[in-house]
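One-letter residues, chain by chain:
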Amino acid sequence: MMGLTVTIGSLLFSQSVWAADYSKLTIPVIKYRGGDYRPRPEAVRSLMAQLARRTSIEVNREPIEIKLTDPELYRYPFIYLAGSAGFEPFSPPELRTLRHYLGYGGFLLIDDNSSKIHSEFDASVRNLISKLFPKIPLQKISRDHSIFRSFYLINRAAGRVLLNPFLEGISIKGRTVLAYSTNDLGGAWAKNKLGHWNYDIVAGSSTQRQASIRLGVNIVMYSLTLDYKKDMVHLPIILERLRRYHSK
Amino acid sequence: MNFLIELFGPGLAEYNEWNIQWGPDNIQVIIAVLGVSVPLALWFFWTSLARISSLPRKVFLFGLRVFTFLLLGLLLLQPQLELKKSHSQKNSIVVLLDNSKSMSIKTFPTEEKRMDRVHQTLQANKDYFAGLKNKFNVDTYFVSDQMEPASQVDEPFPARMPNTDYGKVFSALKSNYENKPLAGVFLFTDGADLTHSAGEPSRELVENLAGFKSPIHTFQAGTNESFKDLSIQSLSAPDFGFVHQPVSLTVSLNASAMGNKNIPLVLKEGKKILISKVVEIREGQGDYQVDLQFTPRDLGKKVYSLSVPLFAGESIATNNQRDFQVKVIRDRTRILHLNGRPSWDSRYLREVLVSNPKVDLLSFFILRTLSDDVAAPTSELSLIPFPSNLLFNDYLNSFDMVIFQNFRFESFIDKKLLSNIKTYVQGGGAFLMIGGELSFQGGGYDRTPIEDILPVTMQKALKNYSNEEFKPVVGQKLKHHPILRLEKQEVSNQKIWESLPLLNGLNLGLTAKPKSHVLFGYKMKESLTPVLVTIKTGKGRTAVLATDSSWNWNFRRVGEGGSGRYYEKFWNNVIDWITNTPETRLLRLETDKERYKEGEEVLIRFNVLNEDYTPASGEKLNLTLIKVSGENEKHLLESDQNGDSTFQFLADREGFYSAEIELDRNGETLSDKISFGVSGETAEFDKPLVNASLLKNIAEITGGKYLVLDEAKDLSGYRFENPEVLVQTKRKMFSLWDNWWSYGLLVGFLMVDWWARRKSGLS
């Protein structure tokens, strides 16, 4: 019997063409018109490496780029939209697709890599979100949100720069579907293939970079587990650790 | 009368009375008019005869006119001859014997039942009643809240009726004897009329009694002296309870003349004591309220028994125990969901479980392994230790279902604890393994107790897991399986399965065990690699889904223009089947009601399905009905084309019944069992005291006498008036005016009058 099964297994693999492993986490970068959709080319790969190193999440490290109109979009429930300059407004079909994608289970992380307050990218993002969810304003994500406790216990938002000590987000039916960072998270994550950081932390130390990586891990972990850390079984320990953590 | 017989013929011989009846209603007016007008007319007539010199002729003519007027008057008064047949009738005496349940209560110090007192009195006065029967009609009835003739009272009669209401009894008595002469009534009772809490009779009863012209003599059976009783007066228990959740009971106890003692209040299920609580009974305090809580451990209709001890000399034995039924259901299905790593598959399944209001979810994600470098002290992590001992040693049985999703047990669960999962499933639990690299062989489950309970065996392959995309193929033999039922209509259901997005990620090296069901698989050439497989293991059920990509049926389907509805439905079906909800069973037994009343018809119904979940027609099943008495009745039933059959019987006794149905199929026995309660009325024991005041009042209002039957009393002093009563049985009427001879006589008189007047020279 053992031999027969081995044969079946071999047959399956000898016949199969390469198949993408959709069970593993893949974070596609959204391609859009205008501006620069990949100002930190190594950001996603570096975040994936950190996820693989620090957590049990299985990842596909190779980043892929995808358009919102791509029919493969729904194979990836987490997408990353980054930029450092203003971009063209999304077309109505793109807006419709993105709204549908987020409303039915997808998650979007937007990262402003411009390192400027009120940047052109920021204006484009806010314009996009106002069209995407006209009735739901972008709001600060509170400190007791699961994003700040899904893996690491985090006090505030971080990034390569600290323009805003918070994340903003959109929640639909209790689920946060969009998180927006203005602090250049990708810049803090990006590492070259030799293992060196691609960008220096602005007016901060390595602690700030670590906080940025932790925030990235938490955001991904939240998208995969949602409010798991608010289950009653976790609360006593988490609250006790938070109490001690904040008292330091 | 003989004259009439001679006049009207021998047909009148059967009548023994006659009478003249006058017709018009205004007879007095007619007589008055005739009384004035006839003499006046005669006076005028006499004066008109002045020209006739012959006195005899004048007298003759005057006489003729007098007869004519008399005859006319007679016609106006419309006389009729009434012939009657009548005979004398005996007066009735009614004996009313209370046969309500309270008559079975003992009275002290002799400890005789109340009804025994009555019986003794009747026996002691046999001659008296026999003497009464010579002069009267003596009718005996049992009474409660109704009257029924008592044909035989020589033997002690059963006190079985659930209610006493004198108002209804006296109304029925009045109605029955409306046309019969009633000389008097004997009422033998304890006076415990449930409609009267105080001694004073109600206004309705007083009005009712006032209509009786004969005396009602009341005889009080028993007394309240030394009434000793400990009773469960009332019990407040829910009809439904939730498994593993406390059920609260509120019990009211009543103690009368019990002295000072501590008594145990015990709750049992069958012979097993669930809970016991000591109640301090103190002299001078009658009522006690006790709150109890117990936790049902099994699903189904459960019969519980609550009791206090029966002490020597208690008046009522039956109220020391009270049985009740609770339908134990799941409030929510408790699911333990272990995820080996965060993934889209686990995230979307968790969303389904969390959003299902019927699910109580405890989930754990292994967020890091020992080899992961979190680069932070534990105090800066939100991670908690995995409580494997608590989950798999202490609380495993509190879960209805355990899911291992892409979970490798090593490092988290001691291998020894896997045998606890096997025991849990064999005892009725549910276990589901969902695929991924860390499942099956990848999780090290081959040759462990987990492999024993799963529907598949695991063999090492070159690779245990493939990323290949595949289309699940539903096994046609099992297309009616409840897990696969995404739409009610078969055609629609098939279309849905064909339209679901492809899956990717498949665990290899799995072989379906005998007796397992491969619901869908991956078709490679002619063989079907198992993907979704189920099996029954011991009393429990297990299933495997050898892929970690079922989330494609949610998010990818949304991207294709559909919704996640069928993904949700699929998982809810899996939960329903694996937790053995009644709707997913092959054999189901049910009753048409939760509870029945004594004397009600009980309908038991079963439904049987084939192994492929199609209706099993023509199956012969054994139904065993276990009655209150413990007596077993066996019936052989056959299913119809829908797999249904019914059985009816009369629940003639209060208490709890159970029915069990069995089917032997291919060496396996399918069975189902239900219990149901049949309730009798216990109100008679809720107000058990003798009501002497009410009996005195009844006797006083009707002119009767009241007597306490503290021993067999002599009733010979009770005398009744016995006037002769004639009863008319036949009647006939003859008209004395509306016939040919009365009109002929009138015409004859007038003609003779006319002829005589002409002869006398008058016009």
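Data block above holds the structure.
Model, not experiment: these values are computed from the prediction.

*Asks:* Which parts of the structure should I look at to understand the overall build of chain B?
*Replies:* Broken down by element type, chain B carries 17 helices and 39 strands. Relative to its full complement of 763 residues, chain B shows a buried share of 35%.

*Asks:* Would you mind going over the sheet that holds strand 35 (residues 644-651) of chain B with me for this structure?
*Replies:* Pairing between the strands of a sheet is mediated by backbone hydrogen bonds and can be parallel or antiparallel. All names here are of chain B. Overall, antiparallel pairing links the three strands, which are arranged 30-32-35 in an open sheet. The open sheet terminates on both sides in strands that have one partner only, identified here as strand 30 (587-591) and strand 35. Neighbour-to-neighbour, the strand axes of the sheet open up by a mean angle of 20°, direction not taken into account. In terms of strand pairing, strand 32 (residues 600-608) meets strand 35 through eight bridges, oriented antiparallel. Considered in strand 35, the bridge of Arg-605 is made with Thr-646.

*Asks:* Teacher, can you tell me more about the sheet that holds strand 10 (residues 229-236) of chain B here?
*Replies:* All names here are of chain B. Spatial strand order, 10-12-15: three strands in an open sheet with antiparallel pairing. Each having just a single partner strand, strand 10 and strand 15 (287-294) make up the two edges of the open sheet. Each adjacent strand pair in this sheet contributes to an overall mean axis angle of 25°, direction not counted. In this sheet, strand 12 (residues 247-256) lies alongside strand 10 in antiparallel orientation, the contact comprising seven bridges.

*Asks:* How should the nonpolar core be read in this particular structure?
*Replies:* Core analysis: the biggest nonpolar cluster contains 138 residues, and Tyr80(A), Leu108(A), Met401(B), Ile403(B), Leu432(B) and Val574(B) have the highest contact counts within it. Per-element accounting of this core gives the leading share, nine residues, to helix 6 (residues 206-225) of chain A. Among the nonpolar cores identified, the runner-up in size contains 37 residues, and Met115(B), Phe212(B), Ala699(B) and Leu709(B) belong to it.

*Asks:* Whenever I open this one, the interface of chain B and chain A confuses me. Can you help?
*Replies:* Many descriptions give the size of an interface as the accessible area lost when the pieces come together. Contacts between chain B and chain A engage 48 residues on the former and 46 residues on the latter. At the level of secondary structure, the elements contributing two or more residues to the side of chain B that touches chain A comprise helix 8 (344-355), strand 19 (359-365), strand 23 (465-470), strand 25 (503-507) and helix 13 (555-559) of chain B. Considering each element in turn, the side of chain B that touches chain A owes the most residues, five residues, to helix 8 of chain B. Split by residue class, the side of chain B that touches chain A holds 18 nonpolar, 16 polar and 14 charged.

Cut-offs used in this document
Residues numbered from 1 in each chain as written. Chains lettered and ligands numbered in written order. Predicted model: local features only at pLDDT ≥ 70, side-chain atom pairs only at ≥ 80, totals over all residues. Helix = DSSP H or I, 4+ residues; strand = E, 2+ residues; numbered from the N terminus. Buried ≥ 20, exposed ≤ 12 C-beta atoms within 10 Å, placed from the backbone. Pairing = 2+ DSSP bridges. Axes fitted to C-alpha atoms, helices over the stretch in contact; angles between N-to-C directions. Core = buried A, V, L, I, M, F, W, Y, C linked by C-beta atoms within 7 Å. Contact = placed C-beta atoms within 7 Å. Nonpolar A, V, L, I, M, F, W, Y, C, P; charged D, E, K, R; others polar.

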